Amino acid sequence: MIIEIGHYALVLALATAIVQFVLPVAGTIRGDRSLMAVAPAAALAGFLLVLFSFSVLTFAYVVSDFSVANVWENSHSLKPMIYKISGVWGNHEGSMMLWLLILVFFSALVATFGANLPERLRANVLAVQGLISTAFALFILLTSNPFVRLAPAPAEGRDLNPVLQDIGLAIHPPLLYLGYVGFSVCFSFAIAALIDGRIDAAWARWVRPWALAAWSFLTAGIAMGSYWAYYELGWGGWWFWDPVENASFIPWLAGTALLHSALVMEKREALKVWTVLLAILTFSMSLLGTFLVRSGVLTSVHAFATDPTRGVFILAILVFFIGGALSLFAFRAATLKAGGLFAPISREGALVLNNLILTTAAATVLTGTLYPLVLEALTGEKISVGAPFFNLTFGSLMIPLLVAVPFGPLLAWKRGDILAAGQRLFAAAGIGLVAGAVALYIEHGGPVMAYFGIATGVYLIAGALTDLWLRAGIGKVTPAIAFRRFVGLPGSAFGTALAHIGIGVTLIGIVSVTAFETEHVVEMKPTMQVESGGFTLTFDGMRKGQGPNYTEESGHFTVARGGVVVTDIWSSKRLYTARRMPTTEAGIRTFGLSQLYVSLGDPIAGGGIVVRVWWKPMILCIWLGALIMMAGGAISLFDRRLRVGAPQKARRVRPVLEAAE
Amino acid sequence: MMRRLVAVLLLVLAASPAFAVNPDEVLDDPALEARARALSAELRCMVCQNQSIDDSNAELARDLRLLVRERLKNGDSDEAVIDYVVSRYGEFVLLKPRLRGETLLLWGAPAILFLAGTVAMVLFVRRRAGAATGTPLSDAEKAELERLMGE
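- Under an unreviewed UniProt entry, chain B has the name Cytochrome c-type biogenesis protein and belongs to Shinella pollutisoli.
- In its Function (unreviewed entry) section, the UniProt record describing chain B reads: "Possible subunit of a heme lyase."
- Per UniProt, chain B carries the Sequence similarities (unreviewed entry) text "Belongs to the CcmH/CycL/Ccl2/NrfF family."

- If you look chain A up in an unreviewed UniProt entry, it shows as Heme lyase CcmF/NrfE family subunit from Shinella pollutisoli.
- Under Subcellular location (unreviewed entry), UniProt gives the following word-for-word description of chain A: "Cell inner membrane".
- Among the UniProt annotations of chain A, the heading Sequence similarities (unreviewed entry) holds the following wording: "Belongs to the CcmF/CycK/Ccl1/NrfE/CcsA family."

## Topic: the sheet that holds strand β6 (residues 581-585) of chain A
Residues and elements named next belong to chain A.
- Sheet architecture is open: 5 strands sit in the order β2-β3-β4-β5-β6, paired in antiparallel fashion. Looking at strand neighbours, the two that pair on one side only are β2 (529-532) and β6, the edges of this open sheet. Along the sheet, successive strands turn relative to each other by an average axial angle of 30°, direction set aside.
- As paired strands, strand β3 (residues 535-546) and strand β4 (residues 550-561) are joined by 10 bridges and run antiparallel to one another. Counted as the bridge partner of M542 is G555 from β4.

## A closer look at the UniProt feature "domain: Cytochrome c assembly protein" (unreviewed entry) in chain A
- UniProt records the feature "domain: Cytochrome c assembly protein" (unreviewed entry) at residues 89-295 of chain A, using the numbering of this structure.
- Taken end to end, residues 89-295 of chain A is 77% helix and 0% strand, and its first and last C-alpha atoms sit 16 Å apart.

## Section: helix α3 (residues 59-73) of chain B
All names here are of chain B.
- Between its first and last C-alpha, α3 extends 21 Å over 15 residues, near the 21 Å set by a 1.5 Å rise per residue.
- Regarding α3, the residues found buried are A61, R62, L64, R65, V68, R69, R71 and L72.
- Residues of α3 that are buried sit in contact with α2 (30-41) and α4 (78-89).
- Backbone geometry just downstream of α3 places G75 in the positive-phi region, at approximately 90°.

## Topic: the sheet that holds strand β7 (residues 587-591) of chain A
Residue and element names in this part refer to chain A.
- Ordered in space as β1-β9-β8-β7, the 4 strands form an open sheet in which the pairing is antiparallel. The open sheet has two free edges, formed respectively by β1 (518-524) and β7, since each of these has just one partner strand. With direction set aside, neighbouring strand axes in the sheet form an average angle of 15°.
- In this sheet, strand β9 (residues 608-616) lies alongside β1 in antiparallel orientation, the contact comprising 7 bridges. Bridging from a neighbouring strand, V522 pairs with V611 of β9.

Rules behind the numbers
Residues numbered from 1 in each chain as written. Chains lettered and ligands numbered in written order. Predicted model: local features only at pLDDT ≥ 70, side-chain atom pairs only at ≥ 80, totals over all residues. UniProt positions renumbered as here; feature names shortened; annotations may be inferred. Pairing = 2+ DSSP bridges. Helix = DSSP H or I, 4+ residues; strand = E, 2+ residues; numbered from the N terminus. Axes fitted to C-alpha atoms, helices over the stretch in contact; angles between N-to-C directions. Expected span 1.5 Å × (residues − 1). Buried ≥ 20, exposed ≤ 12 C-beta atoms within 10 Å, placed from the backbone. Contact = placed C-beta atoms within 7 Å.

Here's what the structure looks like:
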């Protein structure tokens, strides 16, 4: 019964979404304020209904109700509770439910926090959100219904794919979707602005917090997914340029560009048309990503052709929203008046360069991802576009961007002095080069580019700190004033600096692992030893074990440095009983920011086993950098200036001279 | 007989993810092995999704790895090995497609987009720079300016 009520709530949510679209639009056309006021109420009601529906599905998983087909296909009564819950979104139907839940959650947030928005704008934004909700609720109900019953109910479920039974999977999709779907708010704001034909700096101020929040979540989601692949797939790779990864990376690149162009619009009223276009494109890329992952078109064009219902439905959603938005843009963009002027060498100019490179990079990844599909559809010829292609093209695009990053915040708005900015970055570049030289001293023998890569990473960090240093006036004013100025800097200044430091940290991690990782593949018997990263690993033998829904074999290794035992490592292979599916559980030990990674292979005749040992220097920097970037986004969000109309802090801050923006 | 049966059974049961490169495949010459690894990273495992033969544990990937090493041992250049593998498996095996008519757009896309973006940007800035902003000076203001400049 409860299942049917959940199902019914979803149908009601669809009806509410239609109301959320139709009535406010009618209201804005007829200038009827009471109709416009329906939007927030409908958004909140829609959120509660979808939340209820989602909770019912979760409940079915928690109590292992195998009369629900979706639960039977993806769950097992012996599965640990956390994976019963995360299993809700570990399959197609459930993940679309999560998508919808997060979409209506954002609508409800706009309804709640949008009280200071102009009436028409809020009604239009929520109406567009309602239209998107309508499309996805229809998609779920018509093609991917998770509430379908089985009769008679099977006694036991078929279990979740073991690779997905991991804490990483519990967190990764919600974070990713919060990012993906968060950009829908920017999209809706863009459409609303186009409908009204009016857009100004205030618009950018309203959009930027949503873009920042979505971007921060997407950053975290991608990093989480990368770390999950690293420890779960068992061969220590952390980024594969897999189409599914690209599907999340393209919106991230476009979203990063959007954040920066919205900054120009907010401060200088320039780049309006471009910012609106980017807001549309970013969410379009999120939709495209959903299509690529959910339609099955990636696994094989043929699989898509044999069961095309879902794929065609999402494709229709995709064409409707992207096509509709771009047509609207083409008709209305000319009505948006251009704003402030700027010289090519200026803060605006630097941000335009940032946008140029980031959008080119996004388009490059998109081209590489879609090219094989399109070519096969057109000519029947099959080609592969993989990591070597992306590393080459994407890498070449990133080099000029990374060198330019620290210049941006140091250039003045309107007209900047690039020589002066260059002089201020002398110290940062010097520190970077010294770091490169130190790396050469410690780990000589790597490729030359690796040392320049590390130098660039350190230069990015030092360059970001230079900006804070200069704005606080350290060295120019007394330390007390400098400290007060530093503390009084706006949140967005720290946000920018942290995000840019994060890129530097990630770069250092990527370069170190790529250039200096070592790998040993050996056949080992007990008491045999292998050297890796300055450690000696001794293989002590294997042990059998039993988990709730799997059996495992674990190898034990003693890790010593200079003859002294420092730690030990268990590395396992598991066999999940329900699906007879094996997984590797790599043994990982962290030393500072570096890791020792041990993975087990096949047993060999005569009682040994193949062992793979990697030394991954500075690998944690890759994800640490992403966390720092995310923190930067979060701190920027708390900048009071982003909350238009927010009351002044009650405590008057003593006026302190602050460096000009 | 019994031992063989057990061995076969073990092989079937041990459906564990095997490793990519196994110790028995590794060439004695480290320089040659390094070249083999580099080549393997650019060749696709035909039965996997987006995995190179260097990363894959599929049987077919192993065959291909052994083939690459065999050719290298016979003194083939890197290009010759790639050509040979492509002649047997088709262009699909290359993770980095070669520049041909069909892949012109793929390889050209980044450069074309970047250049188009730059041109659009320059045109935009030029046009905007030429546009008048604000209100022009009145005659009185011009006279005042002349006077100040004269001083």
